[in-house]
Amino acid sequence: MEQLGISGENLIVQLIAFLLFLAVFWRFALGPITRMIDQRQERIREGLEAAERMKRELAETQARNEEILAEARREAQRIVASARESAEQLIARAREEAQQQAQQLIQQAQEAIEAERQRVWSELRREVADLAILAATRIIRQELDRNRHLALIEQALAELDGARR
């Protein structure tokens, strides 16, 4: 080996120096670098796991939100249907009450008309009787011919019209 320019002593010293260099390099350079790379890989892995977990939670939350929205829609439809039904019942009840009131008003008006008709008939009978008595009294007081008799009746009718007004 001496012919190649390698001495045994130098080779051993260089080998020991190289091993020392590797030990120091491993201890102070490569070790911290590999630890830092391992730590960074661990943080990345934890970040990915957290992202996956958040993605699952987001999907679950979206599913729950959809269920809540669907339930809210069903509840809103149920409320609207109930409100419509209540409104229809109120309208039907109001119609019935209005019809009953209208019937009562019609009946009261008919009763008032009938009472007024009875009163007018009674008054008319009284006036006709008074007129007949008046006419008979005048006829008895004086003896009349046919023309004079018709004139008295016309006069009595005119007096009756005047009394009505």
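Source: prediction; values computed, not measured. (Residues numbered from 1 in each chain as written. Predicted model: local features only at pLDDT ≥ 70, side-chain atom pairs only at ≥ 80, totals over all residues. Heavy atoms only, no water.)

**Things to note about the overall build of the protein**
Check the secondary structure of the protein and you find 2 helices and 0 strands. Whereas a compact globule of 165 residues would reach a radius of gyration of roughly 15 Å, the protein reaches 63 Å, over 25% beyond that. Per-residue burial for the protein yields a buried fraction of 4% across its 165 residues. With the model as given, the accessible surface of the protein reaches about 14,900 Å², and the carbon-plus-sulfur share is 59%. Distance between charge centroids for the protein: 3 Å, based on 25 positive and 28 negative side chains. (Helix = DSSP H or I, 4+ residues; strand = E, 2+ residues; numbered from the N terminus. Rg over C-alpha atoms; globule rule 2.2 N^0.38 Å. Buried < 20%, exposed > 50% of the residue type's maximum accessible area, 1.4 Å probe, protein only. Areas by Shrake-Rupley, 256 points an atom, 1.4 Å probe, with all protein chains shown as cover. Lys, Arg positive; Asp, Glu negative; His and termini not counted. Charge placed at Lys NZ, Arg CZ, Asp CG, Glu CD.)

**Observations concerning the environment of Gln-155**
Tracing the chain through its elements places Gln-155 in helix α2 (residues 146-164). On the basis of relative accessible area, Gln-155 is assigned to the partly exposed category, the value being 37%. Sequence separation between Gln-155 and Ala-129 is 26 residues, and the spatial gap between their C-alpha atoms is 15 Å.

**Re a nonpolar patch on the surface**
Taken together, the side chains of Leu-15, Phe-18, Leu-19, Phe-21, Leu-22 and Phe-25 make up a nonpolar region of the molecular surface, amounting to roughly 590 Å² of accessible area. Secondary-structure assignment places Phe-18 in helix α1 (residues 8-141). (Patch = residues over 30% accessible without salt bridge, like charges linked within 9 Å, V, L, I, M, F, W, Y side chains within 5 Å. Salt bridge = Lys/Arg side-chain N within 4 Å of Asp/Glu carboxyl O.)

**Things to note about the pattern of salt bridges**
Tallied over the entire structure, the rule returns 8 salt bridges. As a salt-bridge pair, Glu-123 and Arg-119 come within 2.9 Å of each other at their nearest N and O atoms. Here Glu-123 pairs with Arg-119, and both are found in helix α1, just 4 residues apart, close to one helical turn. Taking relative accessible area as the criterion, Glu-123 reaches 30% and is therefore assigned partly exposed.

**Digging into the packing of aromatic side chains**
The relative placement of two aromatic rings is captured by the distance of their centres and the angle of their planes. Tallied over the full model, the rule gives 1 aromatic pair. On the basis of an interplanar angle of 20 degrees and a centroid distance of 5.8 Å, the ring pair of Phe-21 and Phe-25 is categorised as stacked. Pair noted here: Phe-21 and Phe-25 are both in helix α1, with a separation of 4 residues, about one helical turn. Judged by its relative accessible area of 36%, Phe-25 falls in the partly exposed class. (Phe/Tyr/Trp six-rings, centres within 6.5 Å; stacked < 30°, edge-to-face > 60°.)

**What about the environment of Phe-18?**
What makes Phe-18 partly exposed here is its relative accessible area of 47%. Sequence-wise, Phe-18 and Glu-114 are 96 residues apart; in three dimensions their C-alpha atoms are separated by 137 Å.

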